[in-house]
Amino acid sequence: MVGQALFLLFALFTLLMALGTVVARNLFHAALFLVGVFFGIAVLFILLEAEFLGVAQIVIYIGAIATLIVFAIMLSRNVMGKEAGAYNSQWRWALAGVVFFFLILSWLLVRMPFSLVQAQVPADAITQIGQGFVGHYVVPFEVASVLLLVALVGAIMLARER
């Protein structure tokens, strides 16, 4: 009972942070709200007993991605100035799309039968995950690291003096 209450509390927290990310007028504040979303998702993973995913969420998304986004915002010029434009003129279409998507997902959630399957977790699950990271999935992780490095160098190049 307590676990469900905590889950609902952090799910609400995550949704409010996501709403703050979308409606924040200041880009830096939106990035801070995004850090709150990442933290809420990490807590939800931990509450669902997926501790590895929760820690990975904190290390990768809060530690690396959010830091990179904040540095990119701080190093970019005129991102938060008056000429940047705080609102998109097509926000009504976006709101209609979000409501439509929410209604479809709600309908699917009610209509689909969900069966619960009890599966045993292998004793060497962490070992298998680690072997996957340095074996089969090493190329996607290396590509992601190069992409993050290029984004950081690009932000520095935009911010430096001519």
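The text that follows walks through the structure, step by step, so that each part is easy to find. Chains are numbered independently. Their residues run from 1 in the order of the written sequence. Reporting in this predicted model follows two pLDDT cut-offs: at least 70 for local features of residues, and 80 or more for side-chain atom pairs to be given and counted; totals over whole chains, interfaces and linings ignore these cut-offs and use all residues. Processing note: side-chain calculations cover all non-hydrogen atoms of the structure and skip hydrogens and water entirely.

### Some remarks on the overall build of the chain
For step 1, the next point in the chain: The secondary structure content of the chain amounts to 6 helices and 0 strands.
For step 2, the next point in the chain: Think of it this way: any DSSP run of H or I at least four residues long counts as a helix, any run of E at least two long counts as a strand, and we number them from the N terminus. Listed by position from the N terminus, the elements making up the chain come as α-α-α-α-α-α.
For step 3, the next point in the chain: Against the globule reference of 15 Å for 162 residues, the chain gives a C-alpha radius of gyration of 20 Å, more extended than a compact globule.
For step 4, the next point in the chain: Its C-alpha atoms give the chain principal-axis dimensions of roughly 60 × 40 × 25 Å.
For step 5, the next point in the chain: Taking all 162 residues of the chain together, the buried fraction comes to 13%.
For step 6, the next point in the chain: Here the chain displays about 12900 Å² of accessible surface, and carbon together with sulfur accounts for 74% of that area.
For step 7, the next point in the chain: Charge-centre separation for the chain: the mean point of 7 positive side chains lies 23 Å from the mean point of 6 negative side chains. The reference for a compact globule is 2.2 Å times residues^0.38; the radius of gyration itself is calculated from the C-alpha atoms. Throughout this description, buried means an accessible area under 20% of the type-specific maximum (1.4 Å probe, protein chains only), exposed means over 50%, and partly exposed covers the range between. Exposure was quantified through the Shrake-Rupley algorithm and a 1.4 Å probe, taking into account, for residues, occlusion by the shown protein chains and nothing else. Residues scored as positive are Lys and Arg, those scored as negative are Asp and Glu, and His as well as the terminal groups of each chain are ignored. Here the site of a charge means atom NZ of a Lys, CZ of an Arg, CG of an Asp or CD of a Glu.

### Some points on unusual backbone geometry
For step 1, the next point in the chain: The residue Glu49 is not glycine, and still its phi comes out positive at about 65°.
For step 2, the next point in the chain: Relative to the elements of secondary structure, Glu49 occurs in the loop between helix 2 (27-47) and helix 3 (51-75).
For step 3, the next point in the chain: Given a relative accessible area of 65%, Glu49 falls into the exposed group.

### A short note on the side chain of Gln57
For step 1, the next point in the chain: One can find Gln57 in helix 3.
For step 2, the next point in the chain: Using a relative accessible area of 8% as the deciding quantity, one classes Gln57 as buried.
For step 3, the next point in the chain: Each polar contact in these results corresponds to two N or O atoms within 3.5 Å; when the atoms are within protein, one needs to be able to donate a hydrogen and the other to accept it, and residues that are neighboring in sequence are counted only if both atoms are side-chain atoms. In terms of polar contacts, Gln57 uses its side chain to reach the backbone carbonyl oxygen of Phe38, at 3.5 Å.
For step 4, the next point in the chain: Whether two residues are in contact is decided by their heavy atoms, any of which lying within 4.5 Å being enough. Apart from the residues lying within four places of it in its own chain, the contact partners of Gln57 are Phe38, Ile41, Ala42, Phe45 and Ile62.

### Remarks on the environment of Gly54
For step 1, the next point in the chain: With respect to the helices, strands and loops of the structure, Gly54 is situated in helix 3.
For step 2, the next point in the chain: As for Gly54 and Phe38, which are separated by 16 residues in sequence, their C-alpha atoms are 9.6 Å apart.

### Focus on the packing of aromatic side chains
For step 1, the next point in the chain: In this scheme Phe, Tyr and Trp rings, the latter by its six-membered ring, pair at centre separations within 6.5 Å, and the angle between planes marks the pair as stacked below 30 degrees, edge-to-face above 60, and tilted otherwise. In the structure shown here, the tally under the stated rule is 4 aromatic pairs.
For step 2, the next point in the chain: Both rings, one in Phe133 and one in Phe141, keep their centres 4.8 Å apart while their planes meet at 80°; by these two values the pair is edge-to-face.
For step 3, the next point in the chain: The structure contains a cluster of three or more aromatic residues connected by ring pairs, namely Phe52, Phe133 and Phe141.

### Examining the environment of Leu148
For step 1, the next point in the chain: Of note, Leu148 is situated in helix 6 (residues 138-159).
For step 2, the next point in the chain: The partly exposed category is assigned to Leu148, whose relative accessible area is 31%.
For step 3, the next point in the chain: Separated by 84 residues in sequence, Leu148 and Ala64 have C-alpha atoms that sit 8.9 Å apart.
For step 4, the next point in the chain: If sequence neighbours within four positions are ignored, Leu148 has contacts with Ile65 and Leu68.

### What to know about a nonpolar patch on the surface
For step 1, the next point in the chain: Within the patch definition used here, like charges are joined within 9 Å and nonpolar side chains (Val, Leu, Ile, Met, Phe, Trp, Tyr) within 5 Å, considering only residues with over 30% relative accessible area and no salt bridge. Here a salt bridge means any side-chain nitrogen of Lys or Arg lying within 4 Å of a carboxyl oxygen belonging to Asp or Glu. Side chains of Phe100, Phe101, Ile104, Leu105, Trp107, Leu108, Leu109, Met112 and Phe114 sit close together on the surface and give an oily, nonpolar patch of about 990 Å² of accessible area.
For step 2, the next point in the chain: One can find Met112 in the loop between helix 4 (91-111) and helix 5 (125-134).
For step 3, the next point in the chain: Overall, Met112 belongs to the partly exposed group, its relative accessible area being 45%.

### Structural notes on the environment of Leu34
For step 1, the next point in the chain: With respect to the element layout, Leu34 can be found in helix 2.
For step 2, the next point in the chain: You can call Leu34 partly exposed: its relative accessible area is 23%.
For step 3, the next point in the chain: Once residues within four sequence positions are removed from consideration, Leu34 is found in contact with Thr21 and Ile69.

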